[in-house]
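Residue-level structural notes
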Amino acid sequence: MTSLLGVVLLAFALLTPSEAFVPIGGGTSTHVSITGTAILQKITETCRDMAEDAGDDFNPTGTSPEELVQACLGPKASGEVSGSKFHSALQEIYTQNGLIDRDFINSAPHHFNSEAFLEGRSLITTGMAAIKANIRMENFNAARETLGRILHTLQDFYSHSNWVELGYTGPYVNLIRPDLPLENLADVNTATCSNCDSGTCPNQILPNILKEKKLTSGYMGIFSAAKPKGKCSHGGAADLTSTTVPRGGISKDERRPDNMQLHDAAVKAATDATLELLEDIRFAAGDEDFLRMMGIARSSVVCFVIDTTGSMSDDIEEARSVVYQIIDSKKGTQDEPSEYILVPFNDPGFGPMIRTTDAEKMKTEISKLKANGGGDTPEMCLSGLQLALTGAPSSSHIYVFTDAGPKDIALKGTIIALIRSTKSTVSFFMTTGKGRRRRSLRASDFDLYKDLALASGGQAIQVTKAQLPQATDVILDTSTSALVTVLQRARTPGKEETFSFMLDESLKNITVYITGTSITFTLTNPSGVSQKQNEASGKLGTIQAVGNLWRIRLNSDNQTGNWNINIKSSQPYTIKVTGQSTITFIYDFVESFGGPHPGYATLSGRPQAGQPATLMLSVIGRKGPTSMSVTDAGLILVSGPEAVTNGTMTDMGNGNILVTVDKVPEGEFVVLLKGMDKVSNTEFQRQSTTQMSISKVNIQAVVGSSLAPGEAFRLPFSIMTQGAGGTYTIYARNDRDYPMTYPTSLTLSTGQYGNATLMITPLPTTASGTDVTLTIEAKSPSGADSNYIILRLSVVTKITDFTAPQCKVVSVLEDCPLDVSQCQPFQWQLSANLTDGNGSGIQSIALNQGNGTLTHSSLSQPIVQANYNASCCSQIVEFVAVDKVGNVGKCYHSIVYSGGPPALTLSLPLWLALLVSTFIVRP
């Protein structure tokens, strides 16, 4: 495990020249590396435990994160396993961790500065409650974001306080236990530090503070040098209090010659504390949901958005057939969907969103859909799509079935913003038919759906209802694990053009899609062999034409190399090339921020016009980052010339690359990546699917806390433009339809921020753990420019139960031999009573350690009786009780022998005395 964690640790640390305990930085002791080390260790433990419980071996073939994911998911399912979702989940956590240093730079509680211990602990414990509530509601994105934020605060405690100076080597468990007091805190009138003229002294803590074990932390002044008399400072150039007597600072953020031992002790304590917090969340969530939160799941998520108006009977039946086919044909493989999502829409209603990991439940739910009502009136298609985009995991494939235009066309901007934010791919199946209920899809409606599909990298497929069964092969193609895009282009108007694309050895199940009318094409492989559109089955593949879709499935041989396809049409068309491969990349547009701990923040909206665009790329291969090399990374217009605007690449180490593009293309662009796969020694080409463009508008907002049911939440936001000043229109929408108030316009002057406030009120009946996706969009007076920001808010009921379930041993019956080698025929038993006092009640009891059998009485009873039976060969038992708000209690019992069989002269009383039985309640 040591080598695995060591390599993975470096794989996730973005190695820029900076200091330790910062969002990203050099060396191995940053917030990223501490978080990454702990997460990888906890995931390894979880996957190993699950494998052992299932009777499987857990043997990663190497040290890369991709191989860890393969070991976690692979034993019982054949097929390719992609590590992209795992990487993306980690990056979400790291990003939110780093944003604490930007968004809350002057907040003492967020950093445990200025002796704000109670307030800092409150941030951690309320955050943990929100995470557990989010996981129960399967809102894993919100859980990850909160986890990243509270881990930063928790880790800062060990760097910014005098915990390690007091001689403590382990974590301070009271920081994650609100039912335990924070003891021996130095009050505001107690001097804590000696003066340090040089600014870097080995230990400034006063002797009486050390002797009395008083807990203190350094005061931090970004804008003021004031601090209480005699108090320690944080230290460093950005801390103005460090020049006020007592001068200096006790921060262990960076490793210096004068504080190496203290820094190392702080890193170890922070890592152990992170592990402790993760373990608590794991037990509260359960192993499967803990791994789902961390992105350890099969890549495929099947999401259907279906029009249920009266004319859609045939379409609903086909969608049902496709779902059944996916479930039945992909069961037991890596292509088996990890989750199923269904969103019906009609007029005036849409939803509810149904999501499940149970394939049989999905069959039941989709079988309930009935076509009724409607007519020629447009439907609430975009409202249903909005619900899917906010509810489905990022990078999902969403399939929309409809035969009518959208009634809620005003949502177009919000939908595009959500597509760009989630990087999800949306494909539309638009049908026409005959009969009394026939509806006509207008050209403008088709263009709208086509624009949305293209923006996401999806397909806009138009067929008759009779042709729909042939067109849905696209769903079977794309609802797979490890799907990548090699090429995607669009031409409006159509013209003759030859498109080139590189296929590498790792690609399998390669498919070329062309949408459009009046099309002819010729496909040519690297050897010069060609196949035309009228050859249904040729030397290169199988060609299927239905409606406006051409689908070319390449044969499995002779694929590697540079391919060409020549397309002729005077009408608009699109081309897309996909395949399955574990070689891929994830990316975010980022911007740098300064301050005491500089870093990079992910952009929520579009990159700024007039400035270089900066991307953070993570390249993912079959054997980790060392098996890949990147030769080119840049931006390319989807609907424009083939010219690529290459960026300047900075290798951040271990597959992480900072790309700076000085001149961003005008129009909608995507990311194009080329490189070399060292495993097969072949070139590869990959393209992002989501289109992006630049804007002169910038929106800023920060969410500092969760929402409460029935209570108005105040969200300040700011808007600035580098374009023309004037009155900018503001649109705000949330996916839960909660009441909101906000100004519908704001007058801006060029280069100056205008401030506004949005109020949102969750319904009083909102379940704890519900997440709300809020989109704020600002549009210029001419309507030619706009930008957006997307915020994910959590609604959490105030927690009053902080007490973990308790257990008490009732009896232990054992007749085990002292010689452990003779243990097999013998059994021992334990009975215990578990209670939750006046708390929320016990929700689950599970065996964590031990090879025996655990049973328990009804959880609805005030006292739950647990019974454990095991062989004397299994000498330890630990079971975990979780209450309904996520408090975790662990019950541990062991039979410990002095070792070896007793001597022949040993008397019976002394033999019994050598048997030690202990029972520990571990919160």
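Quick notes on the rules
- Residues numbered from 1 in each chain as written.
- Predicted model: local features only at pLDDT ≥ 70, side-chain atom pairs only at ≥ 80, totals over all residues.
- Heavy atoms only, no water.
- Helix = DSSP H or I, 4+ residues; strand = E, 2+ residues; numbered from the N terminus.
- Contact = heavy atoms within 4.5 Å.
- Areas by Shrake-Rupley, 256 points an atom, 1.4 Å probe, with all protein chains shown as cover.
- Lys, Arg positive; Asp, Glu negative; His and termini not counted.
- Charge placed at Lys NZ, Arg CZ, Asp CG, Glu CD.
- Pairing = 2+ DSSP bridges.
- Axes fitted to C-alpha atoms, helices over the stretch in contact; angles between N-to-C directions.
- Buried < 20%, exposed > 50% of the residue type's maximum accessible area, 1.4 Å probe, protein only.
- pLDDT = per-residue confidence, 0-100.
- Polar contact = N/O pair within 3.5 Å; in protein donor to acceptor, adjacent residues only side chain to side chain.
- Salt bridge = Lys/Arg side-chain N within 4 Å of Asp/Glu carboxyl O.
- Parallel < 35°, antiparallel > 145°, perpendicular 65-115°, else oblique.
- Left-handed = near helix turned anticlockwise from the far one by under 90°.
- Nonpolar A, V, L, I, M, F, W, Y, C, P; charged D, E, K, R; others polar.
- Disulfide = S-S within 2.5 Å.
- Phe/Tyr/Trp six-rings, centres within 6.5 Å; stacked < 30°, edge-to-face > 60°.

This part covers the overall build of the protein. Scanning the protein from terminus to terminus reveals 18 helices and 40 strands. With respect to the three principal axes, the spread of C-alpha positions in the protein is 95 × 70 × 55 Å. Residue pairs in contact within the protein that sit at least 24 positions apart in sequence constitute 72% of those at least 6 positions apart. In the structure as shown, the protein presents an accessible area of about 35600 Å², 51% of it carried by carbon and sulfur atoms. Of the side chains in the protein, 73 bear a positive and 87 a negative charge, and the two mean positions are spaced by 4 Å.

We now examine the sheet that holds strand β13 (residues 549–554). Reading across from one edge, β7-β15-β9-β13-β12 is the order of the five strands in this open sheet, with antiparallel pairing throughout. Looking along the sheet, the strands with just one partner apiece sit at the ends: β7 (483–491) and β12 (541–546). Within this sheet the neighbouring strands show an average axis-to-axis angle of 15°, counted without direction. As judged from the seven bridges shared by strand β9 (residues 508–516) and strand β15 (residues 573–580), these two strands associate in the antiparallel manner. Looking across to β15, one finds that I514 is bridged to I575.

The strand order β29-β27-β31-β32 describes an open sheet built from four strands, whose pairing is antiparallel. Bordering the open sheet on either side are β29 (745–748) and β32 (786–795), each of which pairs with just one other strand. The average undirected angle you get between the axes of adjacent strands in this sheet is 25°. In this structure, strand β31 (residues 770–779) lies alongside β32, joined through 10 bridges in antiparallel fashion.

The next subject is the environment of V812. Along the polypeptide, V812 turns up in strand β33 (residues 806–814). A sequence separation of 549 residues divides V812 from H263, and the C-alpha atoms of the two residues are 46 Å apart. Filtering out sequence-adjacent residues up to four positions away, V812 remains in contact with W828, Q829, L830 and H893.

Residues G599 and A601 line the buried face of strand β17 (residues 599–602), whereas the alternating positions Y600 and T602 sit on a face that is not buried. As paired strands, strand β16 (residues 584–593) and β17 are joined by four bridges and run antiparallel to one another. From the neighbouring strand, V590 faces β17, where its bridge partner is T602. Hairpin connection from β16 to β17: five residues lie between these consecutive antiparallel strands, with G595 at a positive phi of about 100°.

Next up on the list: the confidence of the model for the protein. Residue-level pLDDT values for the protein average 88, and 92% of them are 70 or greater. Confidence drops under a pLDDT of 50 for residues 1–20, and excluding neighbours within four residues, the segment shows 59 contacts in the predicted structure. Predicted confidence for residues 898–923 stays below pLDDT 50, and this span has 44 contacts to residues more than four positions away or in other chains.

Here we come to the environment of N113. Take N113: it is sitting in the loop between α5 (108–111) and α6 (117–136). Measuring from C-alpha to C-alpha, the distance between N113 and T61 comes to 44 Å, with 52 residues separating the pair along the chain. When neighbours within four sequence positions are excluded, N113 is seen to be in contact with A108, H160, S217, G218, M220 and H234. Polar contacts involving the side chain of N113 include one to the side chain of H160, which spans 3.0 Å.

With 11 of 11 residues buried, helix α13 (residues 381–391) is to be regarded as a mostly interior element. For α13, every residue scored as buried is listed here: C381, L382, S383, G384, L385, Q386, L387, A388, L389, T390 and G391.

In the structure shown here, the tally under the stated rule is 41 salt bridges. The closest approach of N and O atoms between D315 and K465, which form a salt bridge, is 2.4 Å. Of this pair, D315 sits in helix α11 (residues 313–330) while K465 sits in the loop between β6 (460–464) and α16 (468–471), and the two are 150 residues apart along the sequence. For the pair D315 and K465, a shared accessibility class is recorded, and that class is buried. Among the charged side chains, a salt-bridge network with shared partners connects E138, D289, R292, E339 and R355.

Interhelical geometry of helix α14 (residues 412–422) versus helix α15 (residues 443–456) gives an angle of 20° and a closest axis separation of 9 Å. If you check the angle between α14 and α15, you find them roughly parallel. Along this stretch, α14 crosses α15, giving a crossing that reads as right-handed. Counted together, K412, I415, I416 and I419 of α14 and L448, D451, L452, A455 and S456 of α15 form the full contact between these two elements. The class makeup of the residues in the contact of α14 with α15 is six nonpolar, one polar and two charged.

In this section: the pairing of strand β22 (residues 656–661). Burial analysis of β22 places five of its six residues in the buried class, the great majority of the element. One ladder, built from six bridges, connects strand β18 (residues 613–620) with β22; its direction is antiparallel. Opposite L617, over in β22, you have I657 as the bridge partner.

Take the state of the cysteines next. A complete count under the given rule lists six disulfides for this structure. Here C196 engages in a disulfide with C201; their sulfurs sit 2.0 Å apart. As the torsion about the S-S bond is roughly 95°, the C196-C201 disulfide counts as right-handed. On the basis of relative accessible area, C196 is assigned to the buried category, the value being 1%. If you count the bonded cysteines of the protein from the N-terminus, they pair up as 1-2, 3-6, 4-5, 7-12, 8-10, 9-11.

For the structure shown, the criterion picks out 20 aromatic pairs. Taking 6.2 Å as the distance between ring centres and 35° as the angle between the ring planes, the aromatic pair formed by F112 and F117 counts as tilted. Ring geometry for F117 against F157: centres 6.1 Å apart, planes inclined by 75°, an arrangement best described as edge-to-face. Within this pair, whereas F117 is found in helix α6, its partner F157 is found in helix α7 (residues 140–160), the two being separated by 40 residues in sequence. Residue classification places F117 among the buried residues on the basis of a relative accessible area of 1%. We classify F157 as buried; its relative accessible area is 0%. Grouping aromatic residues by their ring pairs yields a cluster made of F112, F117, F157, Y158, W163, Y168 and Y172.

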